[in-house]
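Okay, here's what each chain looks like letter by letter:
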Amino acid sequence: MTIPHLLVHDPRDNVGVVVVEGLKSGTEMLCVVTQDNTDFRLVAKMDVPIGHKIALRDLRSGDTVIKYGQDIGRMVADARLGEHVHVHNLKTRRW
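Residues numbered from 1 in each chain as written. Predicted model: local features only at pLDDT ≥ 70, side-chain atom pairs only at ≥ 80, totals over all residues. Heavy atoms only, no water.

Enquirer: Can you walk me through the overall build of the protein in this structure?
Expert: Regarding its fold elements, the protein presents zero helices and nine strands. Going from N to C terminus, the protein has its helices and strands arranged as β-β-β-β-β-β-β-β-β. What you see for the protein is a C-alpha radius of gyration of 12 Å, in line with the 12 Å of a compact globule of 95 residues. Here the protein holds 95 residues, and 42% of them are scored as buried. Partitioning the intrachain contacts of the protein with sequence separation of at least 6 by distance along the chain shows that 48% fall at a separation of at least 24. By element, 51% of the accessible surface of the protein is carried by carbon and sulfur atoms, the whole surface being about 5500 Å². Averaging the positions of the 13 positive and the 12 negative side-chain charges in the protein gives two centres separated by 6 Å. (Helix = DSSP H or I, 4+ residues; strand = E, 2+ residues; numbered from the N terminus. Rg over C-alpha atoms; globule rule 2.2 N^0.38 Å. Buried < 20%, exposed > 50% of the residue type's maximum accessible area, 1.4 Å probe, protein only. Contact = heavy atoms within 4.5 Å. Areas by Shrake-Rupley, 256 points an atom, 1.4 Å probe, with all protein chains shown as cover. Lys, Arg positive; Asp, Glu negative; His and termini not counted. Charge placed at Lys NZ, Arg CZ, Asp CG, Glu CD.)

Enquirer: Can you walk me through the pattern of salt bridges in this structure?
Expert: Close approach of charged atoms allows side chains with opposite charge to pair. Taken as a whole and assessed by the stated rule, the structure comprises seven salt bridges. Linking Arg93 and Asp71 is a salt bridge whose minimum nitrogen-to-oxygen distance equals 3.8 Å. Of this pair, Arg93 sits in the segment after β9 (90-92) while Asp71 is found in strand β7 (residues 70-75), placing the two residues 22 residues apart along the sequence. Judged by its relative accessible area of 57%, Arg93 is exposed. Exposure remark for Asp71: the relative accessible area of 29% places this residue in the partly exposed category. In the salt-bridge network here, residues are joined through shared partners; they are Asp71, Arg74 and Arg93. (Salt bridge = Lys/Arg side-chain N within 4 Å of Asp/Glu carboxyl O.)

The values are spatial; any link to function lies outside them.
Okay, here's the thing in C-alpha cells:
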C-alpha cells in the first residue's frame, strides 16, 4: 500500500493539503480525493511543510481558493500548479 502525500477533500478543490513530513521539490506525489477515494499524481514544485497547501492548478492573484468545496480565501500572489499556497500568497477568510 502506498501512503498519500496530498489529500484533497472535495473534487471541486483547487488546493490539497500535504500530509507527509519533509515533502521535497520534484517529488511525484500520490494525491487522494477523500470524498470519492479517487487518486491522481502531481509533482511538487517546491519544498512544502506538512499541513500546508499545494495548488492543484495555476492560481492567480484575486482567484478564490477552494478547500472542502468551500471558499477559504483569495490569492494575493500567483501560485502555479504544484506550488506552495500559504500566508505568503493567500489571504484566508478566517483572518
